[in-house]
Amino acid sequence: MDEFGRALGLAVAMILRADADLVAIVGLSLRVSLTAAALGFGFGAPLGALLAATRFPGRGALLVVVNALLGLPPVVVGLVLYLLVSRSGPLGSLGLLFTPGAMVIAQGALALPIVAALSHRTCEALWAEYGDALRVDGVGAGHAALILLAMAPAPLVTAFLAAFGRAIAEVGAILMVGGNIRGYTRTMTTSIALETSRGDLALALGLGLVLVSLTLVVSAAAFGINRVAALPKG
């Protein structure tokens, strides 16, 4: 208990004085995870809306796959991406292995199904209400998907926040494709694992406090957005 209290005190002191190593790690984590969440959102939201606004053979199977990918093991994503971007892989010439770019792709792959599933559920309800009117007006599938997305700003923001929360907490996949290079690919989660193994509990705990705080902020923002969206209009 004494060791925990000492580590906690040092961790709080590091946060208050904006320790350079801590700030650099947090900054990289935010850049990577925000970019990954934006990437997952950019592909996932239109996919979810299209699945709500269209009907085609195999659609049910695709929906099952999208929802199943919500539980996609990060290490599997890391392994597949490693094989793709390694020196002998088909994308090895791009030089992505052990770079922030590879980490963004890994986190984006994990964020995409979350956004797609949440967007589909929202747009499916809207399509049930407005789909007939859109069809009567002769609106095409792509345009209809955009209209559905425009009608649901609050749920889409929640989907983005959920994707960001998934990305910022990831460790397995990014460790495999990004490594843990100080000042280059070292994020909060990989640093916590490394510093704990090295016995630097103060830095590990400091990063843990920042990570938990970010998670709470994201959860509170999503909860607040949903509460506001649920308020009666007018």
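Looking at an unreviewed UniProt entry, the chain carries the name ABC transporter permease, with the source organism given as Methylobacterium platani. Word for word, the UniProt comment on the chain under Subcellular location (unreviewed entry) is "Cell membrane".

Chemist: For the overall build of the chain, give the residues involved together with the corresponding values.
Modeler: The secondary structure content of the chain amounts to 10 helices and 0 strands. Along the longest, intermediate and shortest principal axes, the C-alpha atoms of the chain span 70 × 55 × 25 Å. For the chain, the distance from the average position of its 14 positive side-chain charges to the average position of its 11 negative side-chain charges is 4 Å.

Chemist: So what's going on with the packing of aromatic side chains? Which residues, and what values?
Modeler: Counted according to the given criterion, the structure contains 1 aromatic pair. Between the aromatic rings of F41 and F160, the centroid separation amounts to 6.1 Å while the plane-to-plane angle is 80°, which identifies the pairing as edge-to-face. Of this pair, F41 sits in helix α2 (residues 20-53) while F160 sits in helix α7 (residues 153-168), and the two are 119 residues apart along the sequence.

Chemist: Describe the packing of α2 against helix α5 (residues 100-136), with residues and values.
Modeler: Each pair of packed helices gets described by two things: the angle between the helix axes and the distance between those axes. Remark: α2 packs on α5, axes separated minimally by 5 Å, with the N-to-C direction vectors making an angle of 35°. Here α2 runs over α5; the crossing is right-handed.

Chemist: I'd love a proper account of the nonpolar core, names of residues and values included.
Modeler: A general trend in soluble globular proteins is that nonpolar side chains are found buried together. One finds L22, L148, M188 and L207 to be the most contacted residues of the largest nonpolar core, which totals 34 residues. Among the secondary structure elements, those contributing two or more residues to this core are α2, α5, α6 (141-150), α7 and α10 (201-230). The element best represented in this core is α2, accounting for 8 residues. Apart from residues no more than four positions distant in its own chain, M188 is found in contact with I25, V26, S29, I168, L207, V210, L211 and L214. Among the nonpolar cores identified, the runner-up in size contains 9 residues, and A106, L110, A173 and V177 belong to it.

Chemist: Pulling in residues and values, what's your account of the UniProt feature "transmembrane region" (unreviewed entry) in the chain?
Modeler: Under the local residue numbering, the UniProt record ascribes the feature "transmembrane region" (unreviewed entry) to residues 30-53, 60-85, 97-118, 139-157, 163-181 and 201-225. Structurally, residues 60-85 comprises 81% helix and 0% strand, and the distance from its first C-alpha atom to its last is 32 Å. Counting secondary structure, residues 201-225 comes out at 100% helix and 0% strand; the distance between its end C-alpha atoms is 36 Å.

Chemist: So what's going on with the side chain of T158? Which residues, and what values?
Modeler: Structurally, T158 is set in helix α7. You can call T158 buried: its relative accessible area is 15%.

Chemist: So what's going on with the side chain of S119? Residues and values would help.
Modeler: Take S119: it is sitting in helix α5. S119 sits in the buried class, given a relative accessible area of 1%. Side-chain polar atoms of S119 contact the backbone oxygen of V115, separated by 2.7 Å.

Chemist: Give a description of the packing of α5 against α6 that names residues and reports values.
Modeler: At a closest axis distance of 10 Å, the pairing of α5 and α6 adopts a crossing angle of 125°. Between α5 and α6, the angle falls in the class oblique. You can see that α5 and α6 cross each other, and the crossing is right-handed. Counting all contacts with α5, which are made through C123, L126, W127 and L134, the residues of α6 involved are A144, I147, L148 and L149. Within the contact of α5 with α6, the residues separate by chemical class into 8 nonpolar, no polar and no charged.

Chemist: Explain the environment of L72 to me, and be specific about the residues and the numbers.
Modeler: In this fold, L72 is placed in the loop between α3 (59-68) and α4 (74-85). Classification of L72 as partly exposed rests on a relative accessible area of 22%. Between the C-alpha atom of L72 and that of L110, which follows or precedes it by 38 residues, the distance is 7.2 Å. Those residues within four positions of L72 in sequence are excluded, and the remaining contacts are V77, L110 and R166.

Chemist: Just give me the short version of the pattern of salt bridges, but keep the residues and values in it.
Modeler: Within the structure shown, the criterion is met by 7 salt bridges. A salt bridge links R166 to E170; the nearest nitrogen and oxygen atoms lie 3.8 Å apart. One salt bridge in this structure joins R198 and E195, with 3.6 Å as the shortest N-O distance. Placement of both R198 and E195 in helix α9 (residues 188-198) is noted, with a separation of 3 residues, approximately one turn of the helix. For R198, a relative accessible area of 57% translates into the label exposed. What makes E195 buried here is its relative accessible area of 4%.

The rules we used
- Residues numbered from 1 in each chain as written.
- Predicted model: local features only at pLDDT ≥ 70, side-chain atom pairs only at ≥ 80, totals over all residues.
- Heavy atoms only, no water.
- UniProt positions renumbered as here; feature names shortened; annotations may be inferred.
- Helix = DSSP H or I, 4+ residues; strand = E, 2+ residues; numbered from the N terminus.
- Lys, Arg positive; Asp, Glu negative; His and termini not counted.
- Charge placed at Lys NZ, Arg CZ, Asp CG, Glu CD.
- Phe/Tyr/Trp six-rings, centres within 6.5 Å; stacked < 30°, edge-to-face > 60°.
- Axes fitted to C-alpha atoms, helices over the stretch in contact; angles between N-to-C directions.
- Left-handed = near helix turned anticlockwise from the far one by under 90°.
- Core = buried A, V, L, I, M, F, W, Y, C linked by side-chain atoms within 4.5 Å.
- Buried < 20%, exposed > 50% of the residue type's maximum accessible area, 1.4 Å probe, protein only.
- Contact = heavy atoms within 4.5 Å.
- Polar contact = N/O pair within 3.5 Å; in protein donor to acceptor, adjacent residues only side chain to side chain.
- Parallel < 35°, antiparallel > 145°, perpendicular 65-115°, else oblique.
- Nonpolar A, V, L, I, M, F, W, Y, C, P; charged D, E, K, R; others polar.
- Salt bridge = Lys/Arg side-chain N within 4 Å of Asp/Glu carboxyl O.

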